[in-house]
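Structural overview for review
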Amino acid sequence: MLDIDNKSTIDLRKEQRKKLFLIFCIALITLTVFIYSVEIREPWFGELYGDNHQWLSGSTLKFADYWYQEGPENLYLGMIENPNSIEFSTLLSRNPYPSYPPGVVVPIYVISKILNEEPNPSILMGYNLLNHFLIAFFMSLLVFIFLSRNLGYDVFISFLFALIPIFLELLWPAPLYWHQNVFFSDQAIILPFVLMVFLEILRFDSTEINLKYINLLQGILIFIGFLTDWLFVFIVASIFIKRIFTGEIPSINKIPYITNQFIKKSLIFWAPGILAMILFIIQLDVLGVLWQLPAKFYMRTGVTTLPLASKNVFNVFISDIVRAYGQLAVIVLFITIYTLIILSMIYSYKKLKIYKPNIKIKKILCLLWIVYLPCLTQFFLLKSHSVVHEFSVLKFSFPIAISFVLMPLLICLTFLDFRKIKSKIINERKLLIMVLIVSLLLMSYSTAQNNPDRLKFFDLGPSYAQAGYDSLGDSIKHKTEYNDILFSPDFEIPENPPQALYYSKKRVYKINSTDEIRRKIKDLNGNYDIVIIFLNQPSEKWNQFIKNATKIPDNNYYIYRIQTVI
C-alpha cells in the first residue's frame with residue numbers, strides 16, 4: 001500500500017514538473033514572438049501621430065502630465081483637459097473629462113514618478129507593450145490550464161493548443177497597432193479582462209484557502225477594472241450570471257436561508273465595483289461635472305447621436321472585425337456564437353431528454369459565454385461609441401483567439417456526445433488530435449492571411465515631433481509662464497486634439513487681428529501678460545502692435561510679451 005502511495009506521489013510530482021516546464025516554454029515562446037512583434041512596430045515607437053485615434057494616447061499623456069506637474073491630489077485624480085494657466089481660474093473651467101474613471105492614467109503617472117521623468121510617449125508605449133506581452137501570455141496560460149486541468153486533457157496536447165493564442169494575439173494587425181501606439185481605457189482594460197477570466201477558471205477544484213486568495217485578487221481586479229473602462233461592468237455581470245448557473249451563488253428561492261445567501265454573496269461579489277463607482281461619483285461631484293454623466297451615457301448609446309441614423313451598427317461591426325483580424329476571424333466568431341447559442345438552448349430546454357451535454361461541454365460553454373457576452377453587450381449597447389471608434393473591436397481579440405481552440409473542440413465534443421446514437425468508431429483522444437490539427441491550420445491561415453496587411457494600421461504620416469510640435473512645445477514651455485495668455489496668427493493649440501497641448505503645456509489662440517485679442521481678454525481678471533508667437537518674421541501689419549513689446553530670445557520662433565493691457 002505504501003509503495004502504491006509513494007508511486008502516486010512520484011507520478012504527481014513528475015506531472016507537476018512537466019506542467020511547470022511547459023509553462024516555462026509558453027513564457028519563452030511568448031517572449032520570442034513578442035520580441036519579433038516589437039521589431040515589426042519599432043519604427044513607430046515613442047512618437048505621437050495625428051492619425052488613427054492617437055488622440056487617445058495624447059489625452060492619456062496630457063492627463064498624466066498634469067498629475068505629474070501639479071500632484072494628482074490637487075486635481076482630485078481628475079482627467080483635466082486644460083492646463084494650469086491664468087485664463088482658467090478654476091478647476092471646473094479647465095474642463096474635467098467625465099466619461100470615464102481615471103484608472104488609465106494611474107500606471108503612466110506611477111511609472112513616471114518611479115523613473116523621475118515626465119510622462120512621455122516612450123513610457124506610455126513601453127507600458128502598452130508590456131500589457132500586450134502579458135495579455136498574450138495569460139491568454140495562452142488560460143488555454144493550457146483550462147484544457148489540462150479543467151477538462152483533464154494531456155498536458156502536452158494542451159500545451160500545443162495553448163500556442164495558438166500567442167501567435168494570433170501578437171501578430172494580428174489590430175492588437176499589433178493598438179497595443180503599442182494607442183493607450184486609453186479601451187486598450188488598458190484588456191489585460192484585467194484576461195486576468196479576471198484566468199482567475200475564474202482557476203477556481204475549478206481549488207482548495208478553500210486558494211479560493212480566498214483568488215477571491216481577493218478578483219476583488220482587486222474588479223475595483224481596478226471599474227475604474228478603468230465600462231467593459232468591466234459587463235465582464236463582472238457575465239461572471240456573476242455564470243456563478244448563479246453553476247450554483248456558486250445560490251439563486252433567489254422561497255427558502256429564506258437561500259435568499260439570504262444570495263444577497264450576502266452577491267453583495268460581497270459586487271462590493272469592490274460598488275466602492276469604485278461611489279468614489280467615481282464623489283470625484284465627479286467634487287469636480288462639478290456629475291450632471292454631465294447622463295448626457296454622456298445617452299450620447300454613447302446613440303440616443304442623442306444623430307449620425308447613427310445613417311449607419312448600420314452590425315455592418316460596422318463586421319467591417320471592423322475584418323480589418324482588425326481578417327475574414328477567417330469573422331467566420332470563427334459567428335460559428336462560435338451560433339454554436340454557443342444553439343447548444344445553450346438545447347442544454348437549457350429541460351423537456352428535451354435526447355441530448356444532455358457532458359461536463360466538458362458545459363465548462364466550454366461557460367467560458368465562451370463569459371468572454372463573448374460582455375464584448376457583444378458593450379459594443380451594441382454603447383453603439384455610438386462603437387461605430388466611430390474602430391478600436392472598439394480590440395476586446396474581441398481575446399474571445400476570438402481562444403475560439404480558434406474552443407470552437408472546433410466544442411463542435412467535436414458535441415459530435416462525440418452523439419456517438420451513442422451515431423457511431424462508436426472515433427474515440428475522444430483521436431478526435432482531440434484532429435481538433436488540434438484543425439486549430440493549428442486555422443491559426444496558420446489567419447496569420448498568413450493577415451501578413452501582407454499586418455502594418456496597415458501604421459499608415460500614419462508624419463509624427464507630431466516631425467511636424468515640429470516638440471520643438472514648438474519646448475519653446476512655449478520654457479519661454480512662457482502661468483500668467484501668460486498666448487496668441488498666434490500662424491497656428492493654434494486647442495484643447496483637443498491633445499497631442500500639441502501635451503507638448504506645449506499652454507493653449508495658443510489663433511488670431512487675425514488685435515481685436516480678437518481684446519475680445520478674448522475682456523472678461524479676464526488678474527495680472528496677466530499677452531504673448532504673441534510667430535513662426536516666421538512678423539509681417540508689417542503686426543509692427544505697431546509689437547513695437548513696445550519685449551522680445552523673448554528663442555532660436556526657432558519670434559516670441560513677444562506685452563505687459564500692458566491693450
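These remarks concern the structure in this document. (Residues numbered from 1 in each chain as written. Predicted model: local features only at pLDDT ≥ 70, side-chain atom pairs only at ≥ 80, totals over all residues. Heavy atoms only, no water.)

Let us look at the overall build of the protein chain. Scanning the protein chain from terminus to terminus reveals 22 helices and 5 strands. If you line up the protein chain on its principal axes, its C-alpha atoms span 100 × 55 × 55 Å. Expressed as a percentage of its 566 residues, the buried residues of the protein chain come to 54%. Within the protein chain, contacts between residues separated by at least 24 positions form 75% of all contacts whose residues are at least 6 apart in sequence. Carbon and sulfur atoms make up 62% of the accessible area of the protein chain, which totals about 26,400 Å². In the protein chain, which carries 53 positive and 43 negative side-chain charges, the distance between the mean positions of the two groups comes to 13 Å. (Helix = DSSP H or I, 4+ residues; strand = E, 2+ residues; numbered from the N terminus. Buried < 20%, exposed > 50% of the residue type's maximum accessible area, 1.4 Å probe, protein only. Contact = heavy atoms within 4.5 Å. Areas by Shrake-Rupley, 256 points an atom, 1.4 Å probe, with all protein chains shown as cover. Lys, Arg positive; Asp, Glu negative; His and termini not counted. Charge placed at Lys NZ, Arg CZ, Asp CG, Glu CD.)

Time to look at the packing of aromatic side chains. The final tally for this structure, using the stated rule, is 39 aromatic pairs. Clustering of aromatic rings is evident, with ring pairs tying together Trp-44, Tyr-177, Trp-178, Phe-391, Phe-457 and Phe-458. A cation over an aromatic ring shows up here: Arg-323 above the ring of Phe-457, its NZ or CZ 4.3 Å from the ring centre. Taking NZ or CZ as reference, Lys-505 lies 4.6 Å from the ring centre of Tyr-502, over its face. (Phe/Tyr/Trp six-rings, centres within 6.5 Å; stacked < 30°, edge-to-face > 60°. Lys NZ or Arg CZ within 6 Å of the ring centre and 35° of its normal.)

Within the structure shown, the criterion is met by 13 salt bridges. Residues Lys-479 and Asp-554 are paired through a salt bridge, measuring 3.1 Å at the closest nitrogen-oxygen approach. Taken as a pair, Lys-479 in helix α19 (residues 469-479) and Asp-554 in the loop between β4 (550-552) and β5 (558-562) lie far apart in primary sequence, 75 residues in all. The buried category is assigned to Asp-554, whose relative accessible area is 19%. A salt bridge links Asp-515 to Arg-518; the shortest N-O distance between them is 3.0 Å. Of this pair, Asp-515 and Arg-518 both sit in helix α21 (residues 514-521), 3 residues apart, which is roughly one turn of that helix. Taken together, the salt bridges that share partners define one network made up of Glu-200, Arg-203, Lys-242, Arg-243 and Glu-248. (Salt bridge = Lys/Arg side-chain N within 4 Å of Asp/Glu carboxyl O.)

The next subject is the environment of Leu-130. Residue placement: Leu-130 occurs in helix α4 (residues 121-150). Of the residues examined, Leu-130 reaches a relative accessible area of 43% and is grouped as partly exposed. Counting along the chain gives 49 residues from Leu-130 to His-179, while the straight-line C-alpha distance between them is 8.8 Å.

Note on placement: Ser-206 falls in the loop between α8 (190-202) and α9 (208-226). Overall, the relative accessible area of 17% leaves Ser-206 in the buried class. Those residues within four positions of Ser-206 in sequence are excluded, and the remaining contacts are Arg-149, Leu-211 and Ile-214.

This part is about the sheet that holds β4. The sheet built from 5 strands is open, its strands ordered β2-β1-β3-β5-β4 with mixed pairing. In the strand order of this sheet, the two ends are held by β2 (508-510) and β4, each with one partner. On average, adjacent strands in this sheet sit at an angle of 30° to one another, irrespective of strand direction. Here strand β3 (residues 529-534) pairs with β5 via 5 bridges, running antiparallel. Each residue of the ladder has a partner; that of Ile-532, found in β5, is Tyr-560. Against the sheet, α19 touches β1 (484-488), β2, β3, β4 and β5, its axis set at about 25° to β5. Strand contacts of α21: β1, β2 and β3, with the helix running at about 150° to β1, the strand carrying the most contacts. (Pairing = 2+ DSSP bridges. Axes fitted to C-alpha atoms, helices over the stretch in contact; angles between N-to-C directions.)

On the surface, Tyr-76, Ile-274, Leu-275, Ile-278, Leu-279, Ile-282 and Val-286 cluster together into a nonpolar patch covering about 630 Å² of accessible area. Examined against the element boundaries, Leu-275 turns out to sit in helix α11 (residues 256-287). (Patch = residues over 30% accessible without salt bridge, like charges linked within 9 Å, V, L, I, M, F, W, Y side chains within 5 Å.)

Relative to the helices and strands, Ser-112 resides in helix α3 (residues 105-115). If we ignore the near neighbours within four places in the chain, the residues touching Ser-112 are Tyr-68, Glu-117, Glu-118, Pro-119 and Ile-123.

With that settled, consider α8. Compared with an ideal rise of 1.5 Å per residue, which puts 13 residues at 18 Å, α8 spans 19 Å between its outermost C-alpha atoms and is within 8% of the ideal. For α8, the buried fraction is high: 12 of the 13 residues fall into the buried class. Taken as a whole, α8 has its buried residues at Ile-190, Leu-191, Pro-192, Phe-193, Val-194, Met-196, Val-197, Phe-198, Leu-199, Glu-200, Ile-201 and Leu-202. (Expected span 1.5 Å × (residues − 1).)

Moving on, we get to the pairing of β1. By the criterion of burial, β1 is predominantly enclosed, with 5 of the 5 residues buried. Going residue by residue along β1, you find Asp-484, Leu-486 and Ser-488 tucked away on one face and Ile-485 and Phe-487 tucked away on the opposite face as well. Pairing geometry for β1 and β3, over 4 bridges, is parallel. By the bridge assignment, Ile-485 is partnered in β3 with Ile-530. For β1 and β2, the ladder comprises 3 bridges, and the chain directions are parallel. From the neighbouring strand, Ser-488 faces β2, where its bridge partner is Lys-510. One crossover worth recording links β1 to the parallel β2 by way of helix α20 (residues 499-504), and it is right-handed. (Right-handed = clockwise from strand over helix to strand, strands pointing away.)

It is worth spelling out unusual backbone geometry at this point. What is expected of a backbone is that most residues other than glycine have negative phi and most peptide bonds are trans. Asn-496 connects to Pro-497 through a cis peptide bond whose omega is 0°. When you line up the elements, Pro-497 lands in the loop between β1 and α20. In this model, Leu-77 sits at a positive phi of 55°, which is unusual for a non-glycine residue. Relative to the helices and strands, Leu-77 resides in the loop between α2 (55-70) and α3. A relative accessible area of 39% places Leu-77 in the partly exposed class. The phi angle at Asn-116 is positive, at roughly 55°, despite the residue not being glycine.

The next subject is the side chain of Ser-386. Within the secondary structure, Ser-386 sits in helix α16 (residues 383-388). Polar contacts involving the side chain of Ser-386 include one to the main-chain carbonyl oxygen of Phe-379, which spans 2.8 Å. If near-sequence neighbours (up to four positions away) are discounted, Ser-386 is found in contact with Asp-320, Gln-378, Phe-379 and Ser-392. (Polar contact = N/O pair within 3.5 Å; in protein donor to acceptor, adjacent residues only side chain to side chain.)

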